Amino acid sequence: MLVADGPYRLVRNPLYFANVLMVIGMGAMMSRTGFVVAVVAMLVFSYRLILREEAGLQASLGKQYEGYSKAVPRLWPSLWPRLASAGGQAKWTEGFKAESWYWGFAAALLTFAITLKLRLFFAILAGSLVLFWVSSGVFQKKSNSQA
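Because the structure is a prediction, the values reported are computed rather than measured. (Residues numbered from 1 in each chain as written. Predicted model: local features only at pLDDT ≥ 70, side-chain atom pairs only at ≥ 80, totals over all residues. Heavy atoms only, no water.)

Student: Would you mind showing me how to read the packing of helix α1 (residues 14-27) against helix α5 (residues 100-115) here?
Tutor: Packed helices, taken two at a time, are described by their axes: the angle between them and the distance between them. At a closest axis distance of 12 Å, the pairing of α1 and α5 adopts a crossing angle of 15°. When the interaxial angle is binned, α1 and α5 end up roughly parallel. Considering how the two elements wind past one another, α1 and α5 form a crossing that is left-handed. Judged by residue contacts, Asn19, Met22 and Met26 of α1 engage Tyr102, Phe105 and Leu109 from α5. Each residue belonging to the contact of α1 with α5 can be placed in one class, and the counts come to 5 nonpolar, 1 polar and no charged. (Axes fitted to C-alpha atoms, helices over the stretch in contact; angles between N-to-C directions. Helix = DSSP H or I, 4+ residues; strand = E, 2+ residues; numbered from the N terminus. Parallel < 35°, antiparallel > 145°, perpendicular 65-115°, else oblique. Left-handed = near helix turned anticlockwise from the far one by under 90°. Contact = heavy atoms within 4.5 Å. Nonpolar A, V, L, I, M, F, W, Y, C, P; charged D, E, K, R; others polar.)

Student: Help me understand the nonpolar core in this model?
Tutor: The nonpolar side chains of a soluble globular protein tend to be buried, and buried together. Counting residues in each nonpolar core, the largest one holds 9 residues, listed as Tyr16, Phe17, Val20, Val23, Ala38, Val39, Met42, Ile50 and Leu75. For this core, the secondary structure elements donating two or more residues are α1 and α2 (32-61). Once residues lying within four places of it in the same chain are set aside, the contact partners of Leu75 are Val11, Asn13, Tyr16, Phe17, Val20, Leu43, Tyr47 and Ile50. The next biggest cluster of nonpolar side chains, apart from the first, holds 5 residues, and it includes Phe105, Ala108, Leu109 and Leu125. (Core = buried A, V, L, I, M, F, W, Y, C linked by side-chain atoms within 4.5 Å. Buried < 20%, exposed > 50% of the residue type's maximum accessible area, 1.4 Å probe, protein only.)

Student: Honestly, the environment of Tyr102 in this entry has me stumped. Any pointers?
Tutor: Position of Tyr102 among the secondary structure elements: in helix α5. If we ignore the near neighbours within four places in the chain, the residues touching Tyr102 are Asn19 and Met22.

Student: Whenever I open this one, the pattern of salt bridges confuses me. Can you help?
Tutor: If you walk through the whole model with that rule in mind, you get 3 salt bridges. Across the salt bridge formed by Glu54 and Arg74, the nearest N and O atoms sit 2.8 Å from each other. With a gap of 20 residues between them, Glu54 in helix α2 and Arg74 in the loop between α3 (63-71) and α4 (92-98) connect regions that are remote in the sequence. Look at the salt bridges and you will find they share partners, linking Arg12, Glu54 and Arg74 into a network. (Salt bridge = Lys/Arg side-chain N within 4 Å of Asp/Glu carboxyl O.)

Student: I keep staring at the packing of aromatic side chains and nothing clicks. Help me out?
Tutor: Centre-to-centre distance and the angle between the planes together describe a pair of aromatic rings. Enumeration according to the criterion identifies 7 aromatic pairs in this entry. A ring pair is formed by Trp101 and Phe105, whose centres lie 6.2 Å apart and whose planes are at 50°; its orientation type is tilted. With a gap of 4 residues between them, Trp101 and Phe105 both fall in helix α5, about one helical turn apart. Residue classification places Phe105 among the buried residues on the basis of a relative accessible area of 13%. An angle of 65° between the planes, with centres 6.2 Å apart, marks the rings of Phe112 and Phe121 as edge-to-face. A residue is classified by how much of its surface remains accessible, and Phe121, at 10% relative accessible area, is buried. The structure contains a cluster of three or more aromatic residues connected by ring pairs, namely Trp101, Tyr102, Phe105, Phe112, Phe121 and Phe122. (Phe/Tyr/Trp six-rings, centres within 6.5 Å; stacked < 30°, edge-to-face > 60°.)

Following this line, the structure appears as structure tokens:
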């Protein structure tokens, strides 16, 4: 069964879109050539994965996925939802926890861009990864004890 709620109503591949945006942001700190190479490489990488995943979804979901793919753009989001909500509730806390190391990475990059101190960049990045791993272990233990 195909359920398209949240960002999947605007774009079929929101995580790949976010990766492209991340490379554009990182590319701002590269040379012009590096920027172009990084963005093109991410687009090629993303589209290769997307096409492979879409073939699998088409094979398993058939017409249901075909209708979804006709309504919702592949990588570049539409400004308005293309489908009605299935009524699912967003789990914002879980989403932010799952992507928390990205926030740490962004903070480390911003800090580096402001200070140009590589050690500070790595300290913040390492701290965010440790925090992510520790919190993942704690949440995993909580979910196992509740089951």
